[in-house]
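Single-letter residue listing:
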Amino acid sequence: MLTTPSIAAGTPRGITNTLSGYVVETENITPADRSEEVPDQKGAVADEISYDTRTDLRLTVRSATTGTTAPATAGSTSFTYAGSKWKVDSCEEAGSYNGLRRWNINAHKYENFPAQGN
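Participant: I tried to follow the packing of aromatic side chains on my own but got confused; where do I start?
Facilitator: For any two aromatic rings, the description comes down to two numbers: the centre-to-centre distance and the angle of the planes. Scanning the model with the defined rule gives 1 aromatic pair in all. Judged by centre distance (5.8 Å) and plane angle (85°), the ring pair of Tyr 22 and Trp 103 falls under edge-to-face. Placement of Tyr 22 in strand 1 (residues 22–39) and of Trp 103 in strand 5 (residues 100–109) is noted, with a sequence separation of 81 residues between them. The exposure class of Tyr 22 is buried, given its relative accessible area of 15%. The ring of Trp 86 carries Lys 109 above its face, with NZ or CZ at 5.4 Å from the centroid.

Below, the structure written as structure tokens:
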């Protein structure tokens, strides 16, 4: 017998982070450990020292209105998303969706860069 799946009340759905003036279609936030290998006297890795975390951000956004400009500029360190500032690696136009422009944004941050300010 076929049944209709149900979603429990209060189950989070969709993307909760927002970007003013844009609709976030996809969001990937990926933290990666930065560490240094510590070899023993024979060159085998005996330990790793974690010293930072690099977090990569990949977004696809579309404009909430027609005529909107790109949401970010490559090289900028003032792009804010999900409560943090990011260094923008690239912002490419990804075509349109029913006349509304779309962009793919790639950015990254570390624990202390870019400076988050107040």
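Participant: Quick question: what am I supposed to make of the pattern of salt bridges here?
Facilitator: All chains considered together, the criterion is met by 4 salt bridges. Because the salt bridges share partners, they merge into one network encompassing Glu 25, Arg 62 and Arg 102.

Cut-offs used in this document
- Residues numbered from 1 in each chain as written.
- Predicted model: local features only at pLDDT ≥ 70, side-chain atom pairs only at ≥ 80, totals over all residues.
- Heavy atoms only, no water.
- Phe/Tyr/Trp six-rings, centres within 6.5 Å; stacked < 30°, edge-to-face > 60°.
- Helix = DSSP H or I, 4+ residues; strand = E, 2+ residues; numbered from the N terminus.
- Buried < 20%, exposed > 50% of the residue type's maximum accessible area, 1.4 Å probe, protein only.
- Lys NZ or Arg CZ within 6 Å of the ring centre and 35° of its normal.
- Salt bridge = Lys/Arg side-chain N within 4 Å of Asp/Glu carboxyl O.

The analysis is restricted to geometry; functional conclusions fall outside its scope.
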